[in-house]
Amino acid sequence: FPSHDKVRLSFSEAFISYSRQIGSNEPVHFSIIWSMSNLGLDRNLVMSLANSILSGVLIKLFINLRVHIVIGLTLILTNYYVYVLYFESERLKFGFIFLTLSLILPSHFFKIRWLSIITAVLSHVQIAIIYIAYVFSFFAKKIKIRGPIRARSLLVFNGCLIIFVLILIPIIFPLMVNHVF
C-alpha cells in the first residue's frame, strides 16, 4: 500500500506500475489492494482480514470433507504452506480464498461458483493448474476401460489433453501478458 504522503495514481496508472514492479498482471489482487489503500485502511489490517477469511473458508472446506476438526485446525495452524499463504504469498492467498469458495459453495449457487473460479484464476494464474487437474480427474473417472489399456487409447487420450491445453494457453495467457485487464 502506498503511504499517504505519496501522490495517488488513477486505477489504470497504478495497475501499469503494479504490473511492471511485480512482473505479473493478476488484476484481482491489485484491485483489492488498490481499493483498500484508497480507503485508507492499514495494510496489516487488510492482510489480517484476508488471513481470517482464508482460515474460515479452509475450516468450512474441511467440515464439508468430513475432516475431524482437530485435524483440520492442526493443518491450518501448523502447516508450512498455509503459513506461506498467511505471510508471504499475497496473490496466491487471494487465489486460494476464491478457489476454496468455489469448492465450498453449494451446487445451486452455480453462477457464484463460476464467478469464484474465474476470480481465483485472475487472482493467481497458477490456480488454473488446480482446476485443469480437477477437470482432468473428473473426465478420467468417467472413462471406463475394459481389459488392458491399449497404446492407441492412451495416445488418443493424451492427444485430446494436449489439444485442450493448447487451446487454453492462447486464451488465458495473452490476457495476462498483454495488459487486457
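None of the values given here were measured: they were computed from a predicted structure. (Residues numbered from 1 in each chain as written. Predicted model: local features only at pLDDT ≥ 70, side-chain atom pairs only at ≥ 80, totals over all residues. Heavy atoms only, no water.)

Visitor: Can you walk me through the packing of helix α1 (residues 11-22) against helix α2 (residues 27-38) in this structure?
Guide: Where α1 contacts α2, the two axes come as close as 11 Å, and the packing angle between them is 125°. Judged by the inter-axis angle, α1 sits oblique to α2. Handedness of the crossing formed by α1 with α2: right-handed. Counting all contacts with α1, which are made through Phe11, Ala14, Phe15 and Tyr18, the residues of α2 involved are Pro27, His29, Phe30, Ser31 and Trp34. (Axes fitted to C-alpha atoms, helices over the stretch in contact; angles between N-to-C directions. Helix = DSSP H or I, 4+ residues; strand = E, 2+ residues; numbered from the N terminus. Parallel < 35°, antiparallel > 145°, perpendicular 65-115°, else oblique. Left-handed = near helix turned anticlockwise from the far one by under 90°. Contact = heavy atoms within 4.5 Å.)

Visitor: Honestly, the packing of helix α6 (residues 90-104) against helix α7 (residues 110-123) in this entry has me stumped. Any pointers?
Guide: Geometrically, a packed helix pair is captured by the angle between its two axes and the distance between the axes. Their axes nearest at 8 Å, the elements α6 and α7 cross at an angle of 160°. One finds that α6 runs roughly antiparallel with respect to α7. In the crossing of α6 with α7, the sense of the turn from one axis to the other is left-handed. In this structure, α6 uses Arg91, Phe94, Gly95, Phe98, Leu99, Leu101, Ser102 and Leu103 to contact α7, whose residues at the interface are Arg113, Ser116, Ile117, Thr119, Ala120 and Ser123. When its residues are assigned to classes, the contact of α6 with α7 shows 7 nonpolar, 5 polar and 2 charged. (Nonpolar A, V, L, I, M, F, W, Y, C, P; charged D, E, K, R; others polar.)

Visitor: Sorry if this is basic, but what is going on with α1 here?
Guide: One turn of an α-helix holds 3.6 residues; hence residues three or four places apart share an orientation. For α1, built from 12 residues, the straight-helix expectation of 16 Å at 1.5 Å per residue is met to within 8% by its first-to-last C-alpha distance of 16 Å. Turning to α1, its buried residues are Ala14, Phe15, Tyr18 and Ser19. Angular distribution of buried residues about the axis of α1 spans 135°; they occupy a single face of the element. Facing away from the buried side of α1, by more than 90 degrees, are the exposed residues Arg20 and Gln21. In the segment just after α1, Gly23 is the residue with positive phi, at about 80°. (Expected span 1.5 Å × (residues − 1). Buried < 20%, exposed > 50% of the residue type's maximum accessible area, 1.4 Å probe, protein only. Arc of directions from axis to C-beta.)

Visitor: Help me understand a nonpolar patch on the surface, please; the structure alone is not making it clear to me.
Guide: On the surface, Ile63, Ile69, Val70, Leu73 and Leu77 cluster together to form a nonpolar patch covering roughly 440 Å² of accessible area. Residue contributions to the nonpolar patch peak at 4 residues, all from helix α4 (residues 69-78). Within the fold, Leu77 resides in helix α4. (Patch = residues over 30% accessible without salt bridge, like charges linked within 9 Å, V, L, I, M, F, W, Y side chains within 5 Å. Areas by Shrake-Rupley, 256 points an atom, 1.4 Å probe, with all protein chains shown as cover. Salt bridge = Lys/Arg side-chain N within 4 Å of Asp/Glu carboxyl O.)

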